[in-house]
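# Coordinate inspection notes
Take a look at the letters that make up each chain.
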Amino acid sequence: MLLAYPFRLLVPRRAAPEAAVSAAVALLVLAGAADLVPTSVVIALAGGAGATLAGVRLSRLATRRPTDTSPGELSPADPPTPEPWRADPPPGGPTPVDPTATTPSTSTPAGSGQGASGGTPVARPVGRAARRRAARRAAGVLLDAAVVAAGLTAAVLPLADTGHRPAALIGLLVVGALSTAGLRRLPNRTRPPARVRLRHLVEATGPAVGLALAAWLLLPRDVLPVPARLVAALALGGLGMAALRAFTGAHRRSGAAICRGGVLLTLAGLALLATLPAGRAALLAVPPLVLGMLLTALGAGDAMVAAGAEPAVGGLSPAWPRSVLPAALLLLAAGLHLGGGRSPDRMSVLLAVAAVPPLVLRELLRSGDAATPDRRAAHRRRAGRAVRHRRAAQPRWLGASDRWAGTPDDGSATSDGVGSTWPPDGEVSWPAFSPRSVPAGGGGPGDRAALLDALAAIGDVPAPSGALLLVDLHGVDGIGPAVRDDVLAEAVRRAREIVGPGDLVTGCAGAGFAVVTAAGPVLAYAMGTRLLTALTPPYRLAGSVLRMQASIGLAEVGGAGPADVLRQAELARRRAVQLGRDRVEWYDAFLEEQLVRRLDLERELPGAVARGELDLVYQPVLDLAGRQPVGAEALLRWRSPVLGTVLPAELLPVAEDLDLIGELEWWVLDRACRQLGDWSAGTRELWMAVNVTTRELTTPDFVQRAAAVLAAYGVSPERLVVEVAEPRVAADLPTVVARLAGLRSLGVRTALDDFRAEHASLAQLRRLPIDLLKVGPELVGARPDGQPPLIDVVVNVGERLGVEIVAEELESPAQVEGAHRAGCRYGQGFALARPATAERVEAYFEEFPSTSR
């Protein structure tokens, strides 16, 4: 139970069974390494656990109902849709045909997927969908049989009379055959062209031979004959490099690649079982074996769920793991080999020499790429023309005027149009958009396409680096369209003076624009600060002066796909807005977690009151002299079925931004007064403290509405305490004073929360009509400079003003005792009583005799 919460927090629910099995297997391996459990038993239990979980997942995939079709398929069990297949034809395209005008399948032309009239789909597409579903089921069955065979291989090792090596070898062959057949039937299996596969083979051969050499050095000499040892080393090197390629390639995020990598790890584990001697050394086969089976099932599930969709691409393929990891393992193996007093044998030298030609060929291919800048420049020109064609086509389907059109197709620069220059050295350069290249309305789909093309072009150069800056202008929403266009044009003109000659400036969704630069992220951040300086001065347009604020989000280009980079920059821009604007925010993973959480809160909070998701808990307030309860503070909780319990520190800022704070606070006041009425019906005379913001307190009808709520539940006004936070009072002090005085005229008591005991706070304290002053524990303890606690000063001021002191957030008995000695009359905190539901607080009150005010 103690580990349940952190386990749920750190591990996604979907992967919780895999995480639990992995943890159990790790404990088994440790027990086997310590000779607490026999090695064969550890291998059998670990292999059985991994195969059971993976087999269950794959069995579900294999037995999925036939009607579970992938996107784009038409199930034979479902009737044809009554809507046209294409409701909005392209300009000049065929007119949609009435779908009810069906055509017999006998009149369908060969190879067609629908009737001659374009009506209801006929049997041919259904047959293709059925074949795809059959292939997916076959893949699930074959992969399920493969992992079960791997688990059985590990499980029968303790029962093998002739030793574990023959059983492991047979299992390796069976699993290899089954998994190969299953992978060939897996949906979304990517197959690059032959030229690309040949190049991948050349690039992987050198590191694979290096891994084989490491395996040769690490495998025991006295167990296997030289030929078998060589075959085992080559097999382990090939399997290891292939798995590394699957997990680090361009499609590493796709389910098919994960499944392929899992299969390769499983085969590597079985190969280790077939070569390592019986004993603790055989435990090295357990991690790849179990992890491979689990990844096989997870990857197959992802591939089948995403069947029919575009294969997932992980952005730029990181090449360093495929070079660094084999080299590091080889150095480790060589160090252990030489450290054991053994000298290199003839086969070690041959394997080392065999790794040299592939490495030389790989470098020649790379140098050949670097020696042909003209081809790369031509490729970039084609990409630039594609960007310009999209921009030129944009006004025709976005409805923008001709003055926002893109560059001419010949790529020539004009004085007020769009030019594109590609330097002769082959460096990246983008279409240089003029100030008039940002369309009215802040951009559209065409701008996004150009932006994604520019981000993708960075990946064409070796060692790609660059950055995307999303610039948002604040203050243009309330002006007319013509002035808005002029402001955006002026902003882009200023930006063009800041960015480099090869940087792209283009429109984007919202009131702003985007900048794509090939400079590194540090230089891009410096560019962002210069952009802020250039964009914030006043805009003198059409005889008026306008002032704008800017928020800039920066995302680094180099390790993610174009869409991911755009999303990251947008998250960073939103963070800049939240932190006060006129700033540049740099994307990081923690920032994304915060912003995603914030977006979830903004999405779920509207309507929470109507859905009955709000709740109140109550924290008792005690008289420190007799430790008797005198009242309670109502604390808001949002019991969201999606987000869990949300506390006020996270909830209230979102509510203020969404203009929902008034709705929430009046709900709190209503429920607190209703609960206070129930408590006041007995013999106890308790008061209830309710927090309000200065924004709501300063509304003109706050006092009248509070009086109406008290009257509705028959609560005496003196039983209600309205708390307002001290740091926000100074913003509208006269109005706050008037509202607090109005409440006191009703008989309602008032309190000042979060008092800081500063000079300004003490000065305004004399002006505020309050009854209670709430101070935190930082005022109760001794100060670092050795001076007496500030609570003594606060208590003296409170006595002169006739204000009672409430020490809150008391977490320890020492703090409670210190507050009491200092003269605080009331106390509140976990050291006295924790917040609880109304029923629990009532039970707590029953432990004390009658409570007075």
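Just so it is clear, the structure is predicted and the values come from calculations on it, not from any experiment.

Conventions used here
- One numbering rule holds for all chains: residues counted from 1, following each sequence as written.
- Per-residue local features of the predicted model are confined to residues with pLDDT of at least 70, and side-chain atom pairs are confined, for both listing and counting, to 80 or more; whole-chain, interface and lining totals are unaffected and use all residues.
- Only hydrogens and water are removed before side-chain values are computed, so all heavy atoms of the structure are retained for them.
- Numbered from the N terminus, helices here are DSSP runs of H or I no shorter than four residues, and strands are runs of E no shorter than two.
- Note on classification: 1.4 Å probe, protein chains only; a residue is buried when its accessible area is under 20% of the maximum for its type, exposed when over 50%, partly exposed between these limits.
- Only heavy atoms matter for contacts: two residues are in contact if any of them lie within 4.5 Å across the pair.
- Here the open area of atoms and residues is found with the Shrake-Rupley method and a 1.4 Å probe, where only the protein chains shown may cover a residue.
- By nonpolar core we mean a set of buried residues, namely Ala, Val, Leu, Ile, Met, Phe, Trp, Tyr and Cys, connected to one another through side-chain atoms within 4.5 Å.
- Any Phe, Tyr or Trp ring, taking Trp's six-membered ring, that has another such ring centre within 6.5 Å forms a pair; planes under 30 degrees apart are called stacked, those over 60 apart edge-to-face, and the others tilted.
- Two joining distances apply to patches: 9 Å for like charges and 5 Å for nonpolar side chains (Val, Leu, Ile, Met, Phe, Trp, Tyr), and every residue must have over 30% relative accessible area and no salt bridge.
- We define a salt bridge as a side-chain nitrogen of Lys or Arg found within 4 Å of a carboxyl oxygen belonging to Asp or Glu.
- Polar contact criterion, stated in full: a pair of N or O atoms within 3.5 Å, where within protein one must be able to donate a hydrogen and the other to accept it, and residues adjacent in sequence count only if both atoms are side-chain atoms.
- One bridge is not enough; two strands pair if DSSP finds at least two bridges between them.
- Note on geometry: axes are lines fitted to C-alpha atoms, helical ones only across the stretch in contact, with angles between N-to-C directions running from 0 to 180 degrees.
- Call a crossover right-handed when, viewed with both strands pointing away from you, the route from the first strand across the helix to the second goes clockwise.
- A helix is expected to span 1.5 Å for every residue after the first.
- Between 65 and 115 degrees an angle is taken as roughly perpendicular, under 35 as roughly parallel, over 145 as roughly antiparallel, and anywhere else as oblique.
- By convention the crossing between two helices is left-handed if the near helix lies anticlockwise of the far one by an angle smaller than a right angle, and right-handed if it lies clockwise.
- Residues were grouped as follows: Ala, Val, Leu, Ile, Met, Phe, Trp, Tyr, Cys and Pro as nonpolar; Asp, Glu, Lys and Arg as charged; and all remaining residues, including Gly, as polar.
- When charges are tallied, Lys and Arg are placed among the positive residues and Asp and Glu among the negative ones, while His and the ends of the chain are skipped.
- We put the charge of a Lys on NZ, of an Arg on CZ, of an Asp on CG and of a Glu on CD.

### Section: the overall build of the protein
A tally of helices and strands in the protein yields 27 helices and 16 strands. Counting across all 853 residues of the protein, residues that qualify as buried make up 46%. If you take every contact in the protein between residues at least 6 apart in sequence, the share linking residues at least 24 apart comes to 71%. For the protein, the accessible surface area stands at approximately 40700 Å², while carbon and sulfur atoms represent 60% of it.

### A short note on the nonpolar core
Judged by nonpolar contacts, the single largest core of 78 residues is most densely connected at Tyr 618, Trp 638, Trp 679, Met 688, Leu 743, Leu 752 and Leu 773. With ten residues, helix α20 (residues 661–680) is the single largest residue contributor to this core. If near-sequence neighbours (up to four positions away) are discounted, Leu 752 is found in contact with Val 724, Ala 725, Glu 726, Val 729, Leu 765, Leu 768, Ile 770, Leu 772, Leu 773 and Lys 774. Counting 61 residues, the second-largest nonpolar core is a separate cluster that includes Ala 149, Ala 215, Cys 259 and Met 304.

### Things to note about the environment of Arg 739
One can find Arg 739 in helix α23 (residues 733–746). Looking at Arg 739, the relative accessible area reads 18%, which means it is buried. Separated by 40 residues in sequence, Arg 739 and Thr 699 have C-alpha atoms that sit 8.7 Å apart. With sequence-adjacent residues up to four places away left out, Arg 739 is seen in contact with Leu 697, Thr 698, Thr 699, Pro 700 and Val 703.

### Describing the packing of aromatic side chains
Tallied over the full model, the rule gives seven aromatic pairs. Ring plane angle 50° and centroid distance 6.1 Å describe the contact between Tyr 844 and Phe 845, whose orientation is recorded as tilted. Here Tyr 844 falls in the buried class, since its relative accessible area comes to 18%. Its relative accessible area of 2% is what places Phe 845 among the buried residues. Between the aromatic rings of Tyr 844 and Phe 848, the centroid separation amounts to 5.1 Å while the plane-to-plane angle is 65°, which identifies the pairing as edge-to-face. Exposure class is identical for Tyr 844 and Phe 848. Each is buried.

### Details of a nonpolar patch on the surface
Side chains of Leu 218, Leu 329, Leu 332 and Leu 336 sit close together on the surface and give an oily, nonpolar patch of about 370 Å² of accessible area. The leading source of residues in the nonpolar patch is helix α10 (residues 320–339), at three residues. By secondary structure assignment, the location of Leu 329 is in helix α10.

### Things to note about the side chain of Gln 619
With respect to the element layout, Gln 619 can be found in strand β8 (residues 614–623). Side-chain polar atoms of Gln 619 contact the side chain of Gln 828, separated by 3.1 Å. Polar side-chain contacts of Gln 619 include one of 3.1 Å to the backbone oxygen of Ala 833. Setting aside chain neighbours within four positions, we find Gln 619 in contact with Gly 631, Ala 632, Glu 633, Leu 635, Gln 828, Gly 829, Phe 830, Ala 833, Arg 834 and Pro 835.

### A few points about the sheet that holds strand β6 (residues 549–557)
Taken together, five strands build an open sheet; the order of strands is β2-β3-β1-β6-β7 and the sheet is mixed. Among the strands making up the open sheet, the edge pair consists of β2 (504–507) and β7 (583–586). Averaged over all adjacent pairs, the angle separating strand axes in this sheet is 20°, with direction ignored. For β2 and strand β3 (residues 512–517), the ladder comprises four bridges, and the chain directions are antiparallel. Pairing of Thr 506 across the sheet is with Ala 514, part of β3. Each of β1 (466–474), β2 and β3 touches helix α15 (residues 481–498); the most contacted strand, β3, lies at about 20° to it.

### Digging into the pairing of strand β15 (residues 804–807)
As paired elements, strand β14 (residues 772–775) and β15 share four bridges and run parallel to each other. Note that in β15 the partner of Val 775 across the bridge is Ala 807. Examined bridge by bridge, β15 and strand β16 (residues 826–827) share two bridges and lie parallel to one another. If you follow Ala 807 over to β16, its bridge partner there is Gly 827. As for the winding sense of the linkage, the β-α-β connection from β15 through helix α26 (residues 813–822) to β16 is right-handed.

### With respect to helix α7 (residues 226–248)
In this model α7 runs 33 Å from its N-terminal to its C-terminal C-alpha over 23 residues, within 8% of the 33 Å that 1.5 Å per residue would give. Of all the residues in α7, the buried ones are Arg 229, Ala 232, Ala 233, Leu 236, Gly 237, Leu 239, Met 241, Ala 243, Leu 244, Ala 246 and Thr 248.

### What to know about the packing of α20 against helix α22 (residues 702–712)
The relative placement of two packed helices is expressed as an angle between their axes plus a distance between the axes. Following both chains from N to C, one finds α20 and α22 inclined at 30°, their axes separated by 9 Å at the closest point. Judged on the interaxial angle alone, α22 and α20 are roughly parallel. In the crossing of α20 with α22, the sense of the turn from one axis to the other is right-handed. Counting all contacts with α20, which are made through Trp 666, Leu 669, Asp 670 and Cys 673, the residues of α22 involved are Phe 702, Arg 705, Ala 706, Val 709 and Leu 710. Residues of the contact of α20 with α22, tallied by class, amount to seven nonpolar, no polar and two charged.

### Let's talk about the pattern of salt bridges
For the structure on display, the rule yields 22 salt bridges. Between Asp 657 and Arg 598 there is a salt bridge, with its nearest N and O atoms 2.1 Å apart. Here Arg 598 lies in helix α18 (residues 589–604) and Asp 657 lies in helix α19 (residues 648–657), a separation of 59 residues in the sequence. On the accessibility criterion, Asp 657 (55% relative accessible area) is exposed. The partner of Asp 600 in a salt bridge is Arg 603, with the nearest N and O atoms 2.8 Å apart. Highlighted residues: Asp 600 and Arg 603, both in helix α18, separated by three residues, approximately one helical turn. Overall, Arg 603 belongs to the partly exposed group, its relative accessible area being 48%. Bridged by salt links that share partners, the residues Asp 472, Glu 570, Arg 573 and Arg 574 form one connected network.

### Details of a negative patch on the surface
Together, Asp 678, Glu 839, Glu 842 and Glu 846 line one region of the surface with negative charge. Along the chain, Glu 842 falls in helix α27 (residues 838–845). Assessed through its relative accessible area of 33%, Glu 842 is described here as partly exposed.

### With respect to the pairing of β1
In terms of residue burial, β1 counts as a mostly covered element, since nine of its nine residues are buried. The alternating pattern of β1 places Gly 466, Leu 468, Leu 470, Asp 472 and His 474 on one face and Ala 467, Leu 469, Val 471 and Leu 473 on the opposite face, and all of these are buried. Pairing of β1 with β6 involves nine bridges; the strand directions are antiparallel. Note that in β6 the partner of Val 471 across the bridge is Ile 552.

### Quick look at the packing of α18 against α19
Close contact between α18 and α19 brings their axes to 10 Å; oriented N to C, the two are set at 65°. The interaxial crossing formed by α18 with α19 has right-handed handedness. Along its contact with α18, which presents Arg 597, Arg 598, Leu 601 and Glu 602, the element α19 presents Glu 650, Pro 653, Val 654 and Asp 657. By residue class, the composition of the contact of α18 with α19 is three nonpolar, no polar and five charged.

### So, unusual backbone geometry
Phi is positive for Asp 582, which is not a glycine, with a value near 50°. With respect to the secondary-structure elements, Asp 582 resides in the loop between α17 (562–578) and β7. Residue classification places Asp 582 among the partly exposed residues on the basis of a relative accessible area of 35%.

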